[in-house]
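Structural features, examined
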Amino acid sequence: MFKILIADDEPIAREAVATIIKKHFLEKIEIAQAQSGREAVEKAGTLQPDIVCMDIRMPGLNGIETIRDLKRRYPEMIFIVITAFDDFDTVVEALKLGVQDYFLKPIKIDDLVRSLQKAIGQIMQRQDEREEALNLKDTVSKLMPELEKELIYTLFIGNIARIYDYGYLGLLGIKTECGGCFGLRIDAADEAEAQRAAQRIKRYIKNRYRGLSSSLQDGKMIVFLFEEITVKDREFWLHECAKNLAQATHCEHVFLSVAPYSTSLHELRESYLTVAAVLENSNGNEGTVFCKTWDSFSVEKRTEYPFKLEEMVFQEIRRGCVTAAHEKTVQLFEVFAQISQGSQKKLVGEIQKFVAALIRFRMSVESEEGTEDSFDLFTDPVELMNRCLQEVETLCHTAVQPDKETANESIRKAIGYIRENYRNNISLCDVADHVGLSSFYFTKIFKNELGMTFVRYLTSLRIENAKKIMEKDPAVQIKELCYEVGYNDPKYFCRAFQSIEKQSPTAFRRALKAKGRQEEKECK
């Protein structure tokens, strides 16, 4: 929707401009009027117009003063001057203020229409640029956590060359290899509280440091903080970081293991092995342990294969929850890294156990996807992990198993929501979020239950309501009807109507009128 403010002390002039706008523009446009410069400023504060059609000579603030005031407050506002005042200095002053056009009364309709079209084009371009910038920001925000996870995997397995080859540090904005590694064990009342504590740590790191953290597994997590510290201040820095991390958990029972300050990625890798080994052997202790050397990594850790966590991955796959399945798989990889203790060969072996489970699951659900196994093409652990994540996402799309009772209740709630909001710009994701399901799961149960896609159902509902409106008022304008049932483009509405009714809305309305006349004749 575009907002236009018409400021002129002559009511006839304001109405003339408003009539031209309503006649020549199909877009949803909200029009407001002001009869003085002061009123224009006040209404602009409330309406926040995109375009202002401004007279120069008005009581109180004149047009130039009003434009100057509004430009200062709203730099992107577009001004079109329509006035009988043709003083050269005033024209120059207006152009200096950046007005788009300066027209003398009586204005030609074509000139005003062209000027408004130009202004609307600029506004739409700005909106597209903002949307593109937001999409780019959203894309980057989604990629950054994946890059962070991959850097952590790579540090866990000791593939330092890969970090250099792919430039992970630079991509994440980390400008140094120096820093510290901290292992935390959070002894909370329950798993939910422990997860909240872990999220508090992640937020604290994001706001205070340049760092990374693993997910919480069995109450334990690893934190990497990157910062160049002078030799004499390193011990103090490690102590401060440990204290801040412990406080950030907001939990009483926390254990920290802290490795020596690292000056390279190789040392940081040894720091991880050190703090992980100390965590494994902390035996319920609390407080902070500062390791003086990196010899703790030689402690043997015996961790069994996490069958319970693997089953949780498949549970999320069956529900079609891509994000949750992805997170559980990542946690699985972190356990594999702990089991492997730096041995890439052993790590590949652990991942291959999960690969076998994925293949068995894929065959059991009889997915339409090809069952040819391509996992054996990967010998690099990180590439194999990525291939597993791709397979998990694919299975989330194809292996969803709807629960009948859940489906019936969810569809009932979805139908109610759609019928209440069909006039708005709602999407499948909006409805799926409302009923608390993933979009993939919702798509499948919706079509299973109703025999049509969400888009087809929404279109049918809108067209059915459009027909009811026309039956009550055959004289209703197509443009008004389009907006009333949730469409922004009359042309698109006409195409949608044609696809459902096999005739245009105009033809349908004509048939209604003919039917009405016939009924009148019969009554007589």
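This text follows the structure it describes.
In this text, all values refer to a predicted model and were calculated from it rather than measured experimentally.

Considering the pairing of strand 9 (residues 254–258)
Within strand 9, five of the five residues are buried, which leaves the element mostly enclosed by the surrounding structure. Where strand 6 (residues 179–186) meets strand 9, five bridges bridge the pair, whose relative direction is antiparallel. Its bridge partner being in strand 9, L184 is matched across the sheet by L256. In this sheet, strand 10 (residues 287–290) lies alongside strand 9 in parallel orientation, the contact comprising four bridges. Residue pairing for strand 10: S257 is matched across the bridge by V289.

As for the pairing of strand 1 (residues 2–7)
The element strand 1 is extensively covered by neighbouring structure, given that five of its six residues are classed as buried. Of the pairings in the sheet, the one linking strand 1 to strand 2 (residues 29–34) comprises six bridges and is parallel in character. By the bridge assignment, I6 is partnered in strand 2 with Q33.

Looking at the nonpolar core
Grouped burial of nonpolar side chains is what soluble globular proteins tend to show. Ranked by size, the top nonpolar core spans 34 residues in total, and within it I418, V431, F442, F446, M470, Y487 and F493 carry the most contacts. Secondary structure elements with two or more residues in this core: helix 15 (404–421), helix 16 (428–435), helix 17 (439–450), helix 18 (454–472), helix 19 (478–484), helix 20 (490–501) and helix 21 (505–523). No other element matches the seven residues that helix 18 contributes to this core. In contact with F442, not counting residues within four places along its chain, are I411, A414, L428, V431, A432, V435 and L437.

Examining unusual backbone geometry
Cis rather than trans, the peptide bond between K105 and P106 has omega equal to -5°. Tracing the chain through its elements places P106 in the loop between strand 5 (101–104) and helix 5 (109–157). If you check the backbone angles, Q48 has positive phi at about 55° while not being a glycine. With respect to the secondary-structure elements, Q48 resides in the loop between helix 2 (37–47) and strand 3 (51–54). Taking relative accessible area as the criterion, Q48 reaches 41% and is therefore assigned partly exposed. We note that H250 has phi near 60°; this positive angle belongs to a residue other than glycine. Tracing the backbone through its elements, the reader meets H250 in the loop between helix 9 (234–248) and strand 9.

What counts, and where the lines are drawn
Residues numbered from 1 in each chain as written. Predicted model: local features only at pLDDT ≥ 70, side-chain atom pairs only at ≥ 80, totals over all residues. Heavy atoms only, no water. Buried < 20%, exposed > 50% of the residue type's maximum accessible area, 1.4 Å probe, protein only. Helix = DSSP H or I, 4+ residues; strand = E, 2+ residues; numbered from the N terminus. Pairing = 2+ DSSP bridges. Core = buried A, V, L, I, M, F, W, Y, C linked by side-chain atoms within 4.5 Å. Contact = heavy atoms within 4.5 Å.

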